[in-house]
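Each chain, letter by letter, is given below.
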Amino acid sequence: MSTGEPLSEREHQILEAVIRTYVETAEPAGSRNVARRFPLGISPATVRNTMSDLEEKGYLYHPHTSAGRVPTDLAYRLYVDALMDRVSLTSAEQAALRTELVQGGEGAAIERLLRRAAQVLGLLTQELGIAVAPRMEEAMLERLDLIPVHESRVLLVMSLRAAGVRTVYVDVPAAIPATALSSVAALLNERLAGHTLREIRATLPIRLRDSVPSDDPGAGLLNVFLQSGEEWFAPVTAGQDEVLLGSAAVLAEQPEFNSGERLRSLISLTEQRDLLKNAVANRGAADGLRITIGGEHADPALAGFTLVTSEYRLGELKGVVGVIGPTRMPYERVIAMVEGASAMVSELLV
């Protein structure tokens, strides 16, 4: 069988008709049904012959229990890249999406919005909504403060550009005079402020080397920073959970999950947060929309799914929102919803 061969205009038209039929009906598309549903101007026999050619070229396959044909991952890829018409959300849809996103919930502001985005995208697309919090590794340290809370403990307060405030309790070997604490804070701001957490982690020993004499009252605290600072400046997410999911119940109603085995695969997928985290880990590195279909996923556990995500921004930080569902999905509407949601999340996070 050949795969990915160039198609004629007629083959393009019939392939699009088969995909649209299968997406709408969840049933393998037969030639008579396709000829009846679409004004192709050709007979069912010609449609059938063309579908056979498309099968030979790797764009359709023939389930054993049906006379109709089903699109392959290759067909969906061609459809997304070249055949489908892009649509935008209407003003009414945008207003409804905004209303749903700003509804209240528990948790920090960023986490609350992202969790809501995953829930809303799932409900509006009938897929499984997904949102990934921005990683703080690229967050820039604007300033830090050291506040004494006990003779053996200091509170480190880090102000991060566009990412709020992060606090860490620092255990110190002995009480530190207020003047020494102030001078250490000034030194840390001089050498660390204006750099990302990733840069600080990578260069902390160099930046603090020979910063004060060993008999200085703040030397002990700086040694603590040298020993444990990498942990304090470690990249963390803006929310408690890096991967936030909507309700799987909506997706479970899709025909693809009628069988017990397929439903178990869906439930298993929602429980594998590390798998989903890895699937979207690098998607924020590429601007805009990303669509990964079936066998294009690196992990075979995702072979029956399509992942559609779009990047949102929180200042200089990035994250993604999107949906995951069976490869049979209404791509035009899903893409419009995902792109609309990502743009709105970026706007609401300003």
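Residues numbered from 1 in each chain as written. Predicted model: local features only at pLDDT ≥ 70, side-chain atom pairs only at ≥ 80, totals over all residues. Heavy atoms only, no water.

1. Regarding the overall build of the protein
Counting its secondary structure elements, the protein contains 13 helices and ten strands. The globule rule puts the C-alpha radius of gyration for 350 residues at 20 Å, and the 27 Å found for the protein is more than 25% above it. By principal-axis analysis of the C-alpha atoms, the protein measures approximately 90 × 40 × 35 Å. When each of the 350 residues of the protein is scored for burial, the buried share is 47%. In the protein, the share of contacts with a sequence separation of at least 24, taken over all contacts with a separation of at least 6, comes to 61%. (Helix = DSSP H or I, 4+ residues; strand = E, 2+ residues; numbered from the N terminus. Rg over C-alpha atoms; globule rule 2.2 N^0.38 Å. Buried < 20%, exposed > 50% of the residue type's maximum accessible area, 1.4 Å probe, protein only. Contact = heavy atoms within 4.5 Å.)

2. Concerning the sheet that holds strand β5 (residues 153-160)
Spatially, three strands are ordered β4-β5-β6 in an open sheet, and the strand pairing comes out antiparallel. Since the sheet does not close on itself, it has two edges, and those belong to β4 (141-150) and β6 (164-171), each with one partner. Within this sheet the neighbouring strands show an average axis-to-axis angle of 20°, counted without direction. Relative to β6, helix α9 (residues 219-232) is tilted by about 130°, and along the sheet it contacts β4, β5 and β6. (Pairing = 2+ DSSP bridges. Axes fitted to C-alpha atoms, helices over the stretch in contact; angles between N-to-C directions.)

3. Some remarks on the nonpolar core
In terms of nonpolar packing, the biggest core is built from 87 residues, with Leu-15, Leu-146, Phe-233 and Tyr-331 touching the most fellow members. With near-sequence residues (within four places) excluded, Tyr-331 lies in contact with Tyr-76, Tyr-79, Val-80, Met-84, Ile-291, Ile-293 and Thr-306. Core analysis: the second largest hydrophobic core is formed by 17 residues, Leu-245, Phe-257, Leu-302 and Phe-305 among them. (Core = buried A, V, L, I, M, F, W, Y, C linked by side-chain atoms within 4.5 Å.)

4. Observations concerning the packing of helix α7 (residues 178-192) against α9
Relative orientation and spacing of two packed helices are given, respectively, by the angle between their axes and the distance between those axes. Packing of α7 against α9 brings their axes to within 9 Å, and their N-to-C directions diverge by 40°. Comparing the axis directions of α7 and α9 gives the class oblique. For the pair α7 and α9, the crossing hand works out as right-handed. Within the contact between the two elements, α7 uses Leu-181, Val-184, Leu-187 and Leu-188 and α9 uses Leu-221, Leu-222 and Phe-225. The residue inventory of the contact of α7 with α9, partitioned by class, reads seven nonpolar, no polar and no charged. (Parallel < 35°, antiparallel > 145°, perpendicular 65-115°, else oblique. Left-handed = near helix turned anticlockwise from the far one by under 90°. Nonpolar A, V, L, I, M, F, W, Y, C, P; charged D, E, K, R; others polar.)

5. Structural notes on α7
Counted at 1.5 Å a residue, the expected span for α7 with its 15 residues is 21 Å, and the 21 Å between its end C-alpha atoms agrees. Residues Ala-180, Leu-181, Val-184, Ala-185, Leu-187, Leu-188, Asn-189 and Leu-192 constitute the buried set of α7. Elements in contact with the buried residues of α7: β4, β5, α8 (197-208) and α9. Positioned one or two residues after α7, Gly-194 has a phi angle of 90°, which is positive. (Expected span 1.5 Å × (residues − 1).)

Geometry only, nothing functional implied.
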